[in-house]
Structures are given as C-alpha cells and as structure tokens.
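Report on the structure
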Amino acid sequence: MHNLFFKHRCTQRLNAKIPRKLSLRTSALPFAFLCVLLLLLPLPSLAAQTQPERTLLTLELLQERLHTPALREGNFTVDLQKMVIDLRPENASFRDAFYQLLRKELGTKPLGLDLSYALILGDFVGSDLGLRTSLYAQAIAPIFTATEKEELARLRFICLESLANSKDCRSLLGTEPTPASEIAVFRGVLKLVQTRFNGEMKFSNTFFLQSVDAQGATFLQSTNWAETRFGRPVSFSNTKFKQPSNFQGSIFFEKANFKQTQFQEFADFQGSIFEKTANFNQASFKQLAKFSSVQWQENADFSDVRFANQAQFTKANFNQFLFLTDATFEQALIFREVEFNQSVNLQGASILNQADFSDARFSTEACLSVPGLTFNSNQAKILGNPGQIGKMFCIPTLQGNQNILRNLGQNFRQQQQVADANELEYTKQQLRLVEMSHRLTATNINSASVASLIKLGFSPTQAAAIAQRRLIKSFRNSSELLTLADIGLEKYTQLSDRLIVGESLSIGGWLLQAWSWLGLSVLLLLSGYGTNFWLVFGVGGVAIAYFGLLFWLVDRYRRLHPVPIIPTSYETIAILVSFSVLEFLSLLAIFRNAQQPWLTLGCLFIILVPVPLALLIRLYQQGRYHDLMNVSYFTEDGTFRQLRLLIGRLPVIPRNQTFRERYMPLLSDRRWNWLNYYDFSLNNLVKLGFNDIRLRDEHLPGIISALAWYEWSLGVIYITLVLWTLSRTIPGLNLLIYLK
C-alpha cells in the first residue's frame, strides 16, 4: 500500500511539472517571435524620425523670415525650409498675403527663396512671385541691375535667333512692346530640395535669373513650366512628377539635370531649347514623352532611360551627340524629320516596338552607332527612308555584332527595302574583310617567338613575361595581357591593333585564308558583295569596251610592210570615239556607285590589262605570216540575225565544213563593221549578242585565240556575278530567296 501510494504521489508531481514546463515553453515562443518582429520592422517612432519636422507657416513667421534673410552660398535667401505652407482655398486670406509679401520683397531685392523639405498644401502659383517686365530693352524695368538686363537681352537674342514658337518669342517679332512680350522675372535662387507639392505647381512664363534646385522634389499634381527661361543651371534630379509636367517652349541657358527623374504621366518638352548639356540619365517616362521641335545645342544624354510609352522627337535638332546608351524603348520611338549633326549612340539600347527615322537628316559626321543593340526583327521594326537609312548604321567590329546585323538586314527585307538590307550586308562583309586582314597580318601572342614579340614593340622583360604566362595557360583574349604586372595600359593600347589571340595557322591554312581574303576583296570592289547592280554594270561596260577595242586592233591593224593592212581613218575615228563614250559612261557608273572607286579601277586593271597586253605585245613582236591574211579572223552566222542569249556558245567555230559554210567572214569594207567587235566582246562577256560572232577555226594565230578564250573565261565569272547580284537586288526575288 505504501509503495502504491508513493508511486501515485510521484506520478502526480511529475504530471504537474510537465504541464508547467510546457506552458513556459509555449509562452516563450510568442515572446521570441515578437522580439524578431521588433528588430526587423521599424517602429513608427523610428519611421517618423526620417520625416522632417515641419512648422506651420504663419504671417508673423513669414514676415520675420523676410526681414532676416539667410546668407547661403553667397546669396541672401528667404529661408522657408521645413515649413507647412497652406495655400488651399479655405485659407484664402493667408494665401493672398503670402503672395503679396513675397512678391514685394522678391521684386525689389534679388533675394532667393528656399522651400526645401517644405510641404505645400494647395496650388502654388510661383509665377506670381516674379517681377513682371517687358523684354524690350527700352521697356525693361529700371530696378534690374546691369547684369540682369544683359540676361534679359540674351533671352531676346535667343528667341530671335531660333524663331521659336513660344508666346514671348513670337511677340518679339513685332516692333512695339505688348502685354504678350512681358515675362515674370525671378531674380534670386530657388531651392525646392525634397519639397512636396500636394497641389498644382505653376511657374509658366517665368525667367529665372539664378539657379533652380529641385532635387528630390515630389509633385503630386500637374506642373506647369511652359515658356519658362532658366538662366542658370537647373536640377530636377530624383524628382517625381506624378501628374503631367509641362515644359513646353522653355529655354535652358545652362546645364539641365533630370537625372533619375520619374515622369509618371505625360511629359511635354515640345519646342524647348537646351543651350547646354541636357542630362536625362536613368530617368523614367511611364507615359508619353514629347520632345518634338526641341533644339539641343550641346550633348543630350538619355543613357539608361526607360520609356514605357511613346517617345516623340519629331522635328528635333541635335547639334551635338545624342546618347541613348542602354536605354529601353517599350513603345514607339519617333525621330521623324529630325536633324542629326553628330552620332547617335544606341549602344546596348533595347528597341522593343518600333523606331521611326523617316525623313531624318544626317550630316556627313552623323551615324547610328548600334553595337550591342537589342533588337528582334520579328517583334520590332526600324523605319527610315528607303535607300538611305541603311547607310546610317555604324558598327566598329564584327565580333559580337553579327546578330544585330542579321536582325537589321531581315528587318529591311521584310519591308521590301532591299537597298538598305544590302547596305548592311556590305557593311558586314567589310567588317569580315577587316577581321580576316587582322588574322593574316597580326601577331598571335600564343605562338609568337620572344624575338617576334620584341620586334612588335614589347620590351624583353614584357616578352619574357608573355612567354612565361602562356606556358601556364594560353591567352583567351588580348585584354588578359593587362593581368601581367610588366604590361601597362599604355603599352596595351599601343599594340592591341596588331595582336591576335587564337590557334596559330599552318602554311596551308594561311594560304586558304589569304585566298578567301582575296576573293572577298574582289567581290566587294567589283560588285559591293552582290549588292550594287550599277557597279557591276559599270565594270562590265569597261571590260566590253576594252576587249572590243583589242579585237578590232588585232583584226584590222595587221601589218605595215610590205603591203599595209590597216583600217580606214573613218573606222579608226569611229572605234575610238565609241570606245571613249562607253568608257566614260562605265567609269561614271563606277564612281557614282563604288565605295572606293580607285581601288575598283585598280582591281580591274590587274584583271584586264597584264595578260591581254602581254599577248598583244607578243603578237606584234613575232608578226603574222599565214594564209587568208586579207580575210577577217571573225565570222558571223549568216543564216539569221537576231538578239540571242548565247550561254553555251564557245568563241571558236567547230572544225566542220558545214559550220565553215554557215559562218561567213566579217565584211571589212562596211562602214558599220566596227560594231561587230563590240558584239563579239558582248557575246564573250555577257553571253548576249545581236549576231553569233566567232573566230574562224583555220589560219588563226594562237595568241588571238588565247585572247578570246581569256575574255570568255572572264565572261563565265562575270555572268555568274551578274545573276548573283540580280538575285540580291530585285525586291520580289530577293524576298523569296533570302528571307527566312
């Protein structure tokens, strides 16, 4: 019994302790969780400390601040920082007195106004704080200093120079001052750092003679800066415009800073003038951004800007560089009738919808720099004037930009702008040629000997460091040279164009690479890589006229002794005049269409002159002593005369009696006989002719036969080049063959 009782009492005590421990543990868990929350989440009191403590502005406080302006950065300023300024209609008496007192003080003295960290309740009509005056020199208020009068005169000069569409600029075209030519002048500095405007902000038709600083300000309602003139630097960096912002017709005489500014509604800068650099770096436009007819006198920086809606730059004028680096355009980007005087940098930009460059004008120094551009031709489009926009793209290297060139080419093929697509293809092949040239001539740092590296320009210490490094690990790109302690940036920059990294080429591989380089060079020079039919036409015209003259010479000018066999003076004049006309027209086509016309002519000279000239010299050196000396070497098909396509025709008639009866010698006594030599040259080169003219098969000097076969061989290559070029330049056929 005692043992049972003891076990029972122990069990009761044990059971009583267990719930007590459990209750302590369960009560500790919520307490620990609460502590974590208190550490992670800021308390309301801590959050409140980040907000400035503002004081309600009263008339007495306002008068006190007006009578005792603060000296800041060398300027006397009315200090209204961290104030709550109630300008709502229900506080009309304070509002009227506020404008009246400030207007009186700011108009008579060049005082600044500091509203930093303030909270403005109701609409703020800032233009009522300025001193109204005319822009005419004889009507400017005498209260202004000489410097201020010069600023006002500068505004008049800018207006008359640009003939802007703003109200005050139009009024200056008259001869008498009018109310429309008046403007509100704000003489001092305006500071709006992190100011919060709950109502509308109105600063229209105002001239700020000093700087405006609105960094971090928040405008909850619409803002109106239309026709405003900023005489000193202005900063809206990190500013938030939550409703439409109107800068239409404004003039920025100094730098304008809109870095990281957020335009959450319509942003209107139409007709504005930026005399100095405009910085919109990292800004965001969530609705329509309108920059139509804006004049940018210096650089315009829109790097890292995000346009969620349309961006309109219609009829704008960019006198300096436009930076759109890494910018994102989710909707249409419109540059219609824009004038570019310097390059447009689109490096790393993303065009997700459409970019329209229709009727845009580019100076000789301007281009669209698009390396790293993100652009998908299946989803987005780039528009421009056919035959012009394709020439405006500039890409420095082929490496890393092949996808861009392919997408741009496909974009223009889809729009049937074959000339622009071909221009991009020509650019691509030019870059490929440069890359191949670099591979053939540059020094491979993975295989070059130490002596070669020293000869290239490295010091012995640097060359030894390179050799030691590649024993451990081969170089993957030339920039890895900078990881070596002995090689500095200056040396790398000096020699980077003469270096290459990769596997070394064997002699056979180098020769194949050189052959490819030679073939690509010839294609680019003679046809623009199959993209320029008129260039091919000019090249063919030069060859046809040249060989026609040669064949006339070897056939008609045979010997002087003992019996002269020479052409008549009429025939000589006719062939020389016709040759000159054909060559002139052909050369005109080459010079109008070739990118490097003199190199094209040099290439033609190498192909056309040495071999025929050597054969011709040898022919006249050895003389001609054979039968049928007075009969032409050339025969024509006497059965019929018509325009024929002679693809399978060979330059010499077969050795068969029936062909000798069918093909009759040319009639040298006819006045029009000289035309037959051009016809023979046309047959050989283009496989097209009015008569089937061939060389006879008997008593024919081998040199003349070799000359004809040489032109015929060139003709096979030329007609292939013509057909290839036509397939790339005819719109419908081009779309069928090349568009995938």
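A short tour of the structure in this document, coming up. (Residues numbered from 1 in each chain as written. Predicted model: local features only at pLDDT ≥ 70, side-chain atom pairs only at ≥ 80, totals over all residues. Heavy atoms only, no water.)

**Topic: the packing of aromatic side chains**
How we decide: Stacked, edge-to-face and tilted are the three classes for Phe, Tyr and Trp ring pairs, Trp counted by its six-membered ring, which pair at centre distances within 6.5 Å; planes under 30 degrees apart are stacked, over 60 edge-to-face, the rest tilted. A simple rule labels every residue: compare its accessible area, found with a 1.4 Å probe on the protein chains alone, to the largest value its type can have, and call it buried under 20%, exposed over 50%, or partly exposed in between. Lysine and arginine charges are scored as sitting over a ring when NZ or CZ, respectively, is within 6 Å of the ring centre and within 35 degrees of the ring normal.
Counted under the stated rule, the structure contains 74 aromatic pairs. Relative to Phe-263, the ring of Phe-258 lies with its centre 6.2 Å away and its plane at 35 degrees, an arrangement referred to as tilted. One exposure class covers both Phe-258 and Phe-263, and it is buried. Summarising the aromatic geometry, the rings of Phe-285 and Phe-291 are spaced 5.9 Å apart at their centres and angled 80 degrees between planes, so their arrangement reads as edge-to-face. Summarising the burial analysis for this pair, Phe-285 and Phe-291 share the class buried. Lying across the ring of Tyr-633, Arg-558 places its NZ or CZ 4.0 Å from the centre.

**Considerations on helix α12 (residues 507-527)**
Keep this limit in mind: To qualify as a helix, a DSSP run of H or I must reach at least 4 residues; to qualify as a strand, a run of E must reach at least 2; elements of each kind are numbered from the N terminus. Here the expected span of a helix is defined as 1.5 Å times the quantity of residues minus one. Every residue pair with non-hydrogen atoms within 4.5 Å of one another is taken to be in contact.
For α12, spanning 21 residues, the distance from its first C-alpha to its last is 30 Å, which sits close to the expected 30 Å at 1.5 Å a residue. Regarding α12, the residues found buried are Gln-513, Leu-520, Ser-521, Leu-524, Leu-525, Leu-526 and Ser-527. As for α12, its buried residues are in contact with α8 (418-441), α13 (533-556), α15 (597-608) and α19 (702-729).

**As for the pattern of salt bridges**
Note the following rule: Put simply, a salt bridge is a Lys or Arg side-chain nitrogen that is within 4 Å of an Asp or Glu carboxyl oxygen.
Under the counting rule described, the total for this entry stands at 20 salt bridges. When the shortest N-O distance is used, the salt bridge between Arg-649 and Asp-692 registers 3.4 Å. One end of the pair, Arg-649, is in the loop between β49 (644-645) and α17 (657-662); the other, Asp-692, is in the loop between β51 (688-689) and β52 (693-695), and 43 residues separate them in sequence. Residue Asp-692 is classed as buried on the basis of its relative accessible area, which comes to 4%.

**Some points on the packing of α13 against α15**
What counts is decided by this rule: Whenever a helix is involved, its axis is fitted only over the stretch in contact; in every case the axis is a line through C-alpha atoms, and angles between N-to-C directions fall within 0 to 180 degrees. In this scheme, a crossing is called left-handed if the near helix is turned counterclockwise away from the far one by less than a right angle; it is called right-handed if the turn is clockwise. Classification used: nonpolar for Ala, Val, Leu, Ile, Met, Phe, Trp, Tyr, Cys and Pro, charged for Asp, Glu, Lys and Arg, polar for all others including Gly.
Interhelical geometry of α13 versus α15 gives an angle of 35 degrees and a closest axis separation of 12 Å. With respect to the hand of their crossing, α13 and α15 are arranged in right-handed fashion. Across the interface between the two elements, Leu-535, Val-539, Val-542, Ala-543, Tyr-546 and Phe-547 from α13 touch Thr-600, Leu-604 and Leu-608 from α15. Class assignment for the residues of the contact of α13 with α15 results in eight nonpolar, one polar and no charged.

**Details of the state of the cysteines**
Put simply, the rule reads: In plain terms, two cysteine sulfur atoms within 2.5 Å form what is called a disulfide here.
Applying the stated rule across the entire model yields one disulfide. Between the sulfur atoms of Cys-367 and its disulfide partner Cys-394 the distance amounts to 2.2 Å. With the S-S dihedral at roughly 60 degrees, the linkage between Cys-367 and Cys-394 falls on the right-handed side. Residue Cys-367 is found in the loop between β41 (361-362) and β42 (368-369), and its partner Cys-394 is found in strand β45 (residues 393-394); the two are separated by 27 residues along the sequence. Cys-394 gets classed as partly exposed once you look at its relative accessible area, which sits at 23%.

**Looking at the sheet that holds strand β15 (residues 218-219)**
The condition that has to hold: At least two DSSP bridges between two strands are needed for those strands to be called paired.
Taken in spatial order, the 12 strands line up as β1-β4-β6-β11-β15-β19-β23-β27-β31-β35-β39-β43 in an open sheet, and their pairing is parallel. A single partner strand is all that each edge strand has here, and the edge strands are β1 (55-56) and β43 (374-375). Sheet topology places β15 next to strand β19 (residues 240-241); two bridges connect them, and they run parallel. Pairing of Phe-219 across the sheet is with Phe-241, part of β19.

**Examining the sheet that holds strand β50 (residues 663-665)**
Sheet strands pair by backbone hydrogen bonding; their relative direction is either parallel or antiparallel. The three strands lie next to each other as β50-β48-β52, forming an open sheet whose pairing is antiparallel. With one partner strand each, in any of the chains shown, β50 and β52 form the two edges of the open sheet. On average, each strand axis in the sheet is inclined to that of its neighbour by 40 degrees, with strand direction left out of account. By the bridge criterion, three bridges tie strand β48 (residues 634-637) to β52 in an arrangement that is antiparallel. Along β52, the bridge assignment pairs Thr-635 with Arg-694. Taken strand by strand, helix α18 (residues 675-686) contacts β48 and β52, and its axis lies near 85 degrees from that of β52.

**Focus on the nonpolar core**
We count it as follows: Residues belong to one nonpolar core when they are buried, are Ala, Val, Leu, Ile, Met, Phe, Trp, Tyr or Cys, and are joined through side-chain atoms within 4.5 Å.
If you look at the biggest cluster of nonpolar residues, it comprises 96 residues, and the most contacted ones within it are Phe-280 and Trp-296. Elements that contribute at least two residues to this core include exactly α3 (59-67), β4 (83-86), α4 (92-108), β40 (354-357), α7 (402-414) and α8. The element best represented in this core is α4, accounting for five residues. Apart from the residues lying within four places of it in its own chain, the contact partners of Phe-280 are Phe-258, Phe-269, Phe-274, Phe-285, Phe-291, Trp-296, Asp-301, Phe-302, Ser-303 and Val-305. Val-539, Ala-543, Ala-545 and Ala-574 belong to the second-largest nonpolar core, a separate cluster that totals 48 residues.

**Observations concerning the side chain of Ser-478**
The line we're drawing: Pairs of N or O atoms are called polar contacts if they sit within 3.5 Å, as long as, within protein, a hydrogen donor faces a hydrogen acceptor (for residues adjacent in sequence, only side-chain-to-side-chain pairs).
With respect to the helices, strands and loops of the structure, Ser-478 is situated in the loop between α10 (460-472) and α11 (489-495). In terms of polar contacts, Ser-478 uses its side chain to reach the side chain of Tyr-492, at 3.2 Å. What Ser-478 contacts, discounting residues up to four positions off in sequence, is Tyr-492 and Val-501.

**Section: α18**
For α18, which comprises 12 residues, the first-to-last C-alpha distance of 16 Å matches the rise-based estimate of 16 Å (1.5 Å per residue) to within 8%. A large share of α18 lies buried, amounting to 10 of its 12 residues. If you follow the buried residues of α18, they end up packed against α13, α14 (569-593), β48, β51, β52 and α19. Once α18 finishes, Lys-687 follows within two positions and takes phi at roughly 60 degrees, a positive value.

**Regarding the pairing of β40**
Relative to β40, strand β36 (residues 333-334) runs parallel, the two being bridged by two bridges. Bridge assignment links Ile-334 to a residue of β40, and that residue is Asp-356. Across four bridges, β40 lies against strand β44 (residues 381-384) in parallel orientation. Pairing of Phe-357 across the sheet is with Gly-384, part of β44.

**Here's the deal with the pairing of strand β3 (residues 75-79)**
When strand β2 (residues 70-72) meets β3, the two strands line up antiparallel, connected through three bridges. Each residue of the ladder has a partner; that of Arg-72, found in β3, is Asn-75. When β3 meets strand β5 (residues 112-114), the two strands line up parallel, connected through three bridges. When the sheet's bridge partners are listed, Val-78 is paired in β5 with Leu-113.

**Concerning a nonpolar patch on the surface**
The condition is simple: Residues enter patches when their relative accessible area tops 30% and they take part in no salt bridge; the joining distance is 9 Å for like charges and 5 Å for the nonpolar side chains Val, Leu, Ile, Met, Phe, Trp and Tyr. Computed by Shrake-Rupley with a 1.4 Å probe, the accessible areas treat only the displayed protein chains as cover when residues are assessed.
A cluster of nonpolar residues, Ile-573, Val-577, Val-581, Phe-584, Leu-585 and Leu-588, forms a patch on the protein surface that exposes about 570 Å² of accessible area. Tracing the backbone through its elements, the reader meets Val-581 in helix α14. A residue is classified by how much of its surface remains accessible, and Val-581, at 44% relative accessible area, is partly exposed.

**Describing the packing of helix α16 (residues 610-622) against α19**
The condition is simple: Orientation categories follow fixed angle ranges, with anything under 35 degrees roughly parallel, anything over 145 roughly antiparallel, 65 to 115 roughly perpendicular, and all other angles oblique.
Across the interface, α16 lies against α19 with an axial gap of 10 Å and an inter-helix angle of 165 degrees. The orientation of α16 relative to α19 falls into the category roughly antiparallel. Every pair of crossing elements has a handedness; the one defined by α16 and α19 is left-handed. Residue-level inspection shows Val-611, Pro-612, Leu-615, Arg-618, Leu-619 and Gln-622 of α16 in contact with α19, the latter providing Ile-703, Ile-704, Ala-706, Leu-707 and Tyr-710. Residue classes in the contact of α16 with α19 are distributed as nine nonpolar, one polar and one charged.

Structural measurements only, silent on function.
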